[in-house]
Amino acid sequence: MPIHQEFIEKHLAKHAGPIAGRYENLLFVAPSEEHRCHLVVTCGLSDAPMNAEEEDFRLAELCVMLPVEWPLEYGENFDPSHLPERFFWPLRGLQRLAQLPARTNSWLGVGHTVPNGEPMRPFADDTELCAWILFPPIEFAPSFARTRISSGEVFNFHALVPIFSDELAVRRNQRLGMLLEIFARKGVSDIINPQRTSSAKSEGFGRFFKR
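This structure is a prediction, so every number in the text was calculated from the model and none was measured. (Residues numbered from 1 in each chain as written. Predicted model: local features only at pLDDT ≥ 70, side-chain atom pairs only at ≥ 80, totals over all residues. Heavy atoms only, no water.)

> Lay out the overall build of the chain in plain terms, naming residues and giving numbers.
Looking only at helices and strands, one finds six helices and eight strands in the chain. Its helices and strands in sequence order give the chain the pattern α-β-β-β-β-α-β-β-α-β-β-α-α-α, from N to C terminus. Radius of gyration (C-alpha) of the chain: 17 Å, near the 17 Å computed for a compact globule of 211 residues. With respect to the principal axes defined by its C-alpha atoms, the chain has extents near 50 × 40 × 30 Å. (Helix = DSSP H or I, 4+ residues; strand = E, 2+ residues; numbered from the N terminus. Rg over C-alpha atoms; globule rule 2.2 N^0.38 Å.)

So, in structure tokens, the structure goes:
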């Protein structure tokens, strides 16, 4: 059992809802009237503090928000591994990134980006989204994103948001604030939408950056 599992489940119950499903190292919370999305959270990344210079960023778990219509059928035999790849890739991404800090002796925090492979490629055949950026989970209250555990340590929950190659270029060539401003103007949410269009292209940045 992961070291912080009891805390994580209580935290989810308080801020999102009860656990509706479990799959390997992932916990699932079903949509509700208050939160119109599936919330999927890793459980175990925080077992080993990440190699961040500031102590407040060393403990974290990752999460994704999936649309209400995502075909997750909770029940006794819940097993999302049978989903087609166009629905499973966000879960695979969560699991892979949860392994990254220990594998590379590094850390993950707000504003960090991770391309999908080298060379970078789309997550699935039906989308051009091809990289992750970490944000606070804006679909939930700020008290969900950061809290303190009984030891007094700060505990973080970071949302993985999939982005396009030109949005990644904006993040790498401009301030994080620039990309956040574009997302706010274009209504880009942290609820995953594989069919959305690039916010950078619509802002006119696309011609400056190669894919």
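> Before we move on, could you go through a negative patch on the surface and cite the residues and values that matter?
Judged by side-chain charge, E53, E54, E55, D56 and E153 come together as a negatively charged surface patch. Structurally, E55 can be placed in the loop between strand 3 (38-42) and strand 4 (60-66). Look at E55 and you get exposed, because its relative accessible area is 60%. (Patch = residues over 30% accessible without salt bridge, like charges linked within 9 Å, V, L, I, M, F, W, Y side chains within 5 Å. Areas by Shrake-Rupley, 256 points an atom, 1.4 Å probe, with all protein chains shown as cover. Salt bridge = Lys/Arg side-chain N within 4 Å of Asp/Glu carboxyl O. Lys, Arg positive; Asp, Glu negative; His and termini not counted. Charge placed at Lys NZ, Arg CZ, Asp CG, Glu CD. Buried < 20%, exposed > 50% of the residue type's maximum accessible area, 1.4 Å probe, protein only.)

> Go over the pattern of salt bridges, please, and point to the residues and values.
When the charged atoms of two side chains with opposite charge come close together, those side chains can pair. By the definition in use, this model includes four salt bridges. R22 is paired through a salt bridge with E9; the nearest N and O atoms lie 2.6 Å apart. In this pair, R22 sits in strand 1 (residues 19-23) while E9 sits in helix 1 (residues 5-15), placing the two residues 13 residues apart along the sequence. Of the charged contacts, one joins R92 and E85 as a salt bridge, the two residues approaching to 2.5 Å between their closest N and O atoms. Owing to a relative accessible area of 26%, R92 belongs among the partly exposed residues under this scheme.

> Explain the pairing of strand 3 residue by residue, including any values.
Within strand 3, five of the five residues are buried, which leaves the element mostly enclosed by the surrounding structure. Every second residue of strand 3 is oriented toward a common face, with H38, V40 and T42 on one face and L39 and V41 on the other, all of them buried. Both strand 2 (residues 26-29) and strand 3 contribute to a ladder of four bridges, which runs antiparallel. Opposite L27, over in strand 3, you have V41 as the bridge partner. In this structure, strand 3 lies alongside strand 4, joined through four bridges in antiparallel fashion. Looking across to strand 4, one finds that V40 is bridged to V64. (Pairing = 2+ DSSP bridges.)

> Explain unusual backbone geometry residue by residue, including any values.
Cis geometry is found at the peptide bond from E118 to P119, where omega equals 5°. The topology assignment puts P119 in the loop between strand 5 (113-115) and strand 6 (131-135). Look at E24: it is not a glycine, yet its phi comes out positive at around 50°. Checked against the element boundaries, E24 lands in the loop between strand 1 and strand 2. You can call E24 exposed: its relative accessible area is 63%. Here N105, not a glycine, exhibits a phi torsion of approximately 55°, which is positive.

> I'd like a description of helix 1, backed by residues and values.
When helix 1 is considered as a whole, its buried residues turn out to be Q5, I8, E9, H11, L12 and H15. Down the axis of helix 1, the buried side of the element spans an arc of 160°, and every buried residue falls inside it. Turned more than 90 degrees away from the buried face of helix 1 sit K10 and K14, all of them exposed. Just downstream of helix 1, G17 is the residue with a positive phi angle, here 145°. (Arc of directions from axis to C-beta.)

> Would you mind going over the packing of aromatic side chains in detail, with residue names and values included?
On inspection of all chains with the given rule, the structure shows 14 aromatic pairs. Here Y74 and F78 contribute two aromatic rings whose centre-to-centre distance is 5.0 Å and whose plane-to-plane angle is 45°, an arrangement assigned as tilted. On the basis of relative accessibility, which here comes to 24%, the residue Y74 falls in the partly exposed class. Between the aromatic rings of F144 and F157, the centroid separation amounts to 5.0 Å while the plane-to-plane angle is 20°, which identifies the pairing as stacked. Here F157 lies in strand 8 (residues 154-163) and F144 lies in helix 3 (residues 142-145), a separation of 13 residues in the sequence. A connected cluster of aromatic rings, assembled from ring pairs, spans F7, F140, F144, F155 and F157. (Phe/Tyr/Trp six-rings, centres within 6.5 Å; stacked < 30°, edge-to-face > 60°.)

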